[in-house]
Amino acid sequence: MSAGLRRASRHQEEKDDEVPQWIPGLGQDKPKPRTLGTSFFGYVPDAFVEKTPYLPSEQSADALKKEAAVEPVKAAEQVADSLEQEIVPRDSIERNGQSAQNRLLIKGGRVVNDDMMQDADVYIEDGIIKQVGTNLHTPGGTRVIEAKGHLVMPGGIDTHTHMQMPFMGTQAIDDFYTGTRAALAGGTTMIMDFALPQRGESLIEAFHRWRTWADPKVCCDYAIHVGVTWWSDKVAQEMEELTNEQGVNSFKMFMAYKDTWQLNDEELLESFKRCKELGALAQVHAENGDVIKENSKKLLELGITGPEGHEMSRPEEVEAEATNRACVLANQVNCPLYVVHVMSKSAADVVSSKRKQGHVVFGEPIAASLGTDGTHHYHKCWRHAAGHVMGPPLRPDSSTPKYLMDLLANGDLQTTGTDNCTFSAAQKALGKDDFTKIPNGVNGVEDRMSVIWEKGVVSGKMDPCRFVAVTSTNAAKIFNIYPKKGRIAVGSDADIVVWNPHATRVISAKTHHQAVDFNIFEGMEVHGIAEFVVCHGRVVVEEGEVRAISGMGKYVPTPVFNPHVYGRLEERERANAPCKVERAPYEGPVAQLNGQGMQEGGIIPVQQETFYTRGPTRSGGVNLHDSSFHVSGRQRDDDLLPRTSIKLVTSPNSSSSLLGTFW
Ligand code: URP
Ligand code: ZN
Ligand code: ZN
């Protein structure tokens, strides 16, 4: 027996008498632990051969690195071509009779939503949930999945992926086929990807390019966020078209990637204002790109060229500062804000404290920040260290994952994504002599559900309802597709995961479904396996086997003016509307300006007789025996510019804090 298998079964034995109360039918017919693969934590040499199709093992590593370095995009295209051949086309599946699976009963499980658990059967027809309850009447010929001892939960929604994204001179190796197939394997039935135009490029063209890539390949549903990577009137106008005609309700702005995607504060403010006008959600990549550029230069000059330089160049405060700035700017124009990939304690604290002040802001930690940490940047193996490079970086403070999980469990953070953006060893090697050239990105789309289950539920930080909230329901609410997604209820899409909370597996690049040759969770033993996954009413994972169908997924439009986000904002705006001070008009002297806006003829003396009964002192000062208060109501400083009204109101969310809002 392999070490991994031994470890997994011993763990199962140890847990035998610790059966959680919320798992039905345990003790009598406990399912056997299913263990997948085995590995040690760290570098996985075999995985390179298996997962990097354009790296035939007979070629020398040096020649291969050279090839990838010269033509990285071509290399990525070859990967895409080779993957294309594995795709099972939709019509062949239909010919095989799987379309007859239009009636399905999931029987005997415990249904978990974000707000309740119930022992119930779920009946599905034509991709929609038709009945939830016990003793259901179902037509003959219905396929039955026995779910006793299992949890029946909404399929996961990964709020943040970058499938086949062209980035840093290369292209993410997991495309819309391998990426979404892997998502299904892990229990995720919907992803949200980003269409990111180059600076100066049309947002609409970028959106359509992403759709053209995704539509023929996606095995699960998907939505698209669009990047606002530059600013102009045309961008503002295209944002409107995207919201009105293409079902986009969220835009990502970058505060990092100087000289490519980074926006300055004025552009950020303009884009936030536009989001507000359109009823969209503003998203930010919160890191100070100017500081990163400066630090990177210094580190390279010091000869620090390895992956540790990536982490050193962008410490926590660089993320926290940008997070705070984004919150302030968004709040000033009353725009809801969503902070993507929250990677540090201090950035999470900013989100949490702004929420306490009443800001409409959401925070998204990712599988990586919840499941591993940045000590790996200091690993002696270059590939291992580079495999963890992403931005903002994983933090070397190893207590960060637990801290973020605590905030996620108690509601300070709301959703979970992965920022899945994978690069092979050869692609990462583009930065072998300069950390600033290492393509940024890590895996997660396949393992997010298991990692959160392990670190969140098995650790006792959250119950299964909260697990559902942070893996699907909150995302569905925030992006306005609830309850079609993110809920097991009559009328909702039949995107369901039948979760075996007792089975364990050991995560490894050797056994995962992703195309990438590395896994940041390598060797991690996790409880919780997606034993059956139903997507659109089709069984796409069956006892762990993936039966993905390319192009089976659909684009999911996300409507604007989401009541879960904008409902509160509109009320808030009404409650805090600025109001002018009613006063008698000023009737005193007014200085005259010349054509250049300068005061002409020196200072025109202000007539003060109405205020000063005792006249000025000999030196011309105010006579202190004079009162500054005048019964007429007009005051000594009324002839100064009126102060802009600053309204202080109590935050709707907090009785203790005051919210100073000025607009
Ligand atoms: O390292 C990362 N995060 N890569 C993807 C691009 C982004 O900033 O989300
Ligand atoms: Zn980002
Ligand atoms: Zn990202």
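One structure accompanies this document, and this report is about it. For every chain, the first residue of its written sequence is number 1, and the numbers climb from 1 along that sequence. Going through the entries in the order they are written, you letter the chains from A and number the ligands from 1. Reporting in this predicted model follows two pLDDT cut-offs: at least 70 for local features of residues, and 80 or more for side-chain atom pairs to be given and counted; totals over whole chains, interfaces and linings ignore these cut-offs and use all residues. Calculated side-chain values reflect all of the structure's heavy atoms, with hydrogen atoms and water omitted.

So, empty space enclosed by the protein
A pocket, in this scheme, is an open set of points on a 1 Å grid over the protein atoms alone with protein on both sides within 12 Å along at least 5 of 7 lines, while a cavity is a set where a 1.4 Å probe fits but cannot get out; residues line either one if an atom lies within 4 Å of a point. Grid points are joined across faces, edges and corners, and a volume is the space filled by probe spheres set on the points. Summed over the entire model, instances satisfying the criterion amount to seven cavities of 30 Å³ or more. Looking at the largest cavity, its volume works out to about 110 Å³. Considering the residues around the largest cavity, the lining is formed by 16 residues, among which His162, Phe167, Tyr257, Gly391 and Asp419 are closest to the centre. Think of it as three bins: nonpolar holds Ala, Val, Leu, Ile, Met, Phe, Trp, Tyr, Cys and Pro, charged holds Asp, Glu, Lys and Arg, and polar takes everything else, Gly as well. Residues that form the lining of the largest cavity fall into these classes: eight nonpolar, six polar and two charged. As a volume, the second largest cavity reaches approximately 60 Å³. Cys327, Ala330, Asn331, Asn334, Cys335, Pro336, Leu337, His359, Val360, Val361, Leu569 and Arg572 together form the lining of the second largest cavity. Helix numbering and strand numbering both begin at the N terminus, where a helix is a DSSP run of H or I of at least 4 residues and a strand a DSSP run of E of at least 2. Mapped onto the lining of the second largest cavity, the elements with two or more residues apiece are helix H12 (316-332) and helix H20 (563-575).

Describing the pairing of strand S11 (residues 188-195)
Each residue is assigned to one of three classes by its accessible area relative to the maximum for its type, calculated with a 1.4 Å probe on protein chains only: buried under 20%, partly exposed between the two thresholds, exposed over 50%. Within S11, eight of the eight residues are buried, leaving the element largely enclosed by the surrounding structure. Being paired, for any two strands, means DSSP has found at least two bridges between them. Bridge count for strand S8 (residues 156-161) against S11 is four bridges, and the pairing is parallel. Looking at the pairing, threonine 161 lines up with aspartate 193 of S11. Relative to strand S12 (residues 221-228), S11 runs parallel, the two being bridged by six bridges. Bridging from a neighbouring strand, phenylalanine 194 pairs with histidine 225 of S12. You can see the chain leave S11, run along helix H7 (residues 203-214) and come back into S12, and the turn it takes is right-handed. Orienting the strands away from the viewer, one traces the path from the first strand over the helix to the second; a clockwise path indicates a right-handed crossover.

A closer look at the packing of aromatic side chains
Note on aromatic contacts: the rings of Phe and Tyr and the six-membered ring of Trp form a pair at centre separations within 6.5 Å, being stacked when their planes are under 30 degrees apart, edge-to-face when over 60 apart, and tilted otherwise. A full pass over the atoms with the stated rule returns 14 aromatic pairs. Pairing tyrosine 338 with phenylalanine 479 gives two aromatic rings, centres 5.1 Å apart and planes at 65 degrees, and the pair type is edge-to-face. In this pair, tyrosine 338 is assigned in strand S15 (residues 337-342) and phenylalanine 479 in the loop between helix H19 (464-478) and strand S17 (496-506), connecting sequence segments 141 residues apart. Judged by its relative accessible area of 0%, tyrosine 338 is buried. Phenylalanine 479 sits in the buried class, given a relative accessible area of 0%. Considering the side-chain rings of tryptophan 453 and phenylalanine 467, the 5.0 Å spacing of their centres and the 85 degrees angle between planes classify their relative orientation as edge-to-face. Pair noted here: tryptophan 453 is in helix H18 (residues 448-458) and phenylalanine 467 is in helix H19, with a separation of 14 residues, a long-range link. Judged on exposure class, the residue tryptophan 453 and its partner phenylalanine 467 are both buried.

Examining the coordination of the zinc ion (ligand 2)
A 2.8 Å cut-off from the metal defines N, O and S donors, relaxed to 3.2 Å for Na, K and Ca; water is not in the atom list, so some sites may appear incomplete. Distances from the zinc ion (ligand 2) to its protein donors, namely Lys252 (NZ), His285 (ND1) and His341 (NE2), fall within the range 2.2 to 2.3 Å. Look at where the donors of the zinc ion (ligand 2) fall in the sequence and you get K-x32-H-x55-H. Between the zinc ion (ligand 2) and the zinc ion (ligand 3) the interatomic distance amounts to 3.7 Å. Of the two residues, histidine 285 sits in strand S14 (residues 281-285) while histidine 341 sits in strand S15, which places them 56 residues apart along the sequence.

Some words on the layout of surface pockets
Empty pockets left among the atoms are what a rolling probe the size of a water molecule brings to light. Quantified by volume, the second largest pocket comes out at close to 600 Å³. Around the second largest pocket, the lining is made up of 24 residues, and of these Met168, Tyr257, Lys258, Thr260 and Thr436 lie nearest the centre. Only strand S9 (166-167), helix H10 (289-301) and helix H11 (308-313) provide two or more residues apiece to the lining of the second largest pocket. Of all the elements, H10 adds the most residues to the lining of the second largest pocket, at six residues. In terms of residue class, the lining of the second largest pocket is built from 10 nonpolar, eight polar and six charged.

Some words on the coordination of the zinc ion (ligand 3)
Each protein donor to the zinc ion (ligand 3) is listed here as His160 (NE2), His162 (NE2) and Asp419 (OD); together their distances run 1.9 to 2.2 Å. Coordination of the zinc ion (ligand 3) draws on donor residues from a single chain, spaced H-x1-H-x256-D in sequence. On the accessibility criterion, histidine 162 (4% relative accessible area) is buried.

A closer look at the environment of aspartate 406
The topology assignment puts aspartate 406 in helix H16 (residues 400-410). Judged by relative accessible area, aspartate 406 falls into the partly exposed class, the value being 34%. For the pair aspartate 406 and lysine 455, spaced 49 residues apart in sequence, the C-alpha separation works out to 10.0 Å.

A few points about the nonpolar core
Nonpolar cores are built from buried Ala, Val, Leu, Ile, Met, Phe, Trp, Tyr and Cys residues. Side-chain atoms within 4.5 Å join them into one set. Among the nonpolar cores identified, the biggest contains 114 residues, and Phe251, Met253, Phe272 and Leu337 are the most heavily contacted of them. Note on contacts: a residue pair is in contact if any heavy atoms of the two residues lie within 4.5 Å. Look past the residues within four positions of methionine 253 in its chain and what remains in contact with it is Val228, Leu263, Leu268, Ser271, Phe272, Cys275, Ala282, Gln283, Val284 and His285. Grouped together as the second largest cluster of nonpolar side chains are 17 residues, Ala120, Ile124, Val498 and Phe532 included.

Things to note about the site of ligand 1
The environment of ligand 1 is formed by 14 residues, the closest being Lys252, Tyr257, His285, Gly391 and Asp419. What qualifies as a polar contact is a pair of N or O atoms within 3.5 Å, subject to a donor-acceptor requirement within protein and to the restriction that residues adjacent in sequence count only when both atoms come from side chains. Between an oxygen atom of ligand 1 and a side-chain N or O atom of lysine 252, the distance comes to 3.0 Å. Residue histidine 285 places a side-chain N or O atom 3.0 Å away from an oxygen atom belonging to ligand 1. Compared with its free state, where it exposes 260 Å², ligand 1 has 100% of that area covered by protein. Criterion for pocket placement: a molecule counts as inside a cavity or pocket if more than half of its atoms are within 2 Å of its grid points. Taken atom by atom, the bulk of ligand 1 overlaps the largest cavity. Across the shell around ligand 1, the residue classes tally to five nonpolar, seven polar and two charged. The near set for a molecule or strand comprises every residue that places at least one heavy atom within 4 Å of it. Only the protein chains shown count as cover for residues, with accessible areas throughout obtained via the Shrake-Rupley method and a probe of 1.4 Å.

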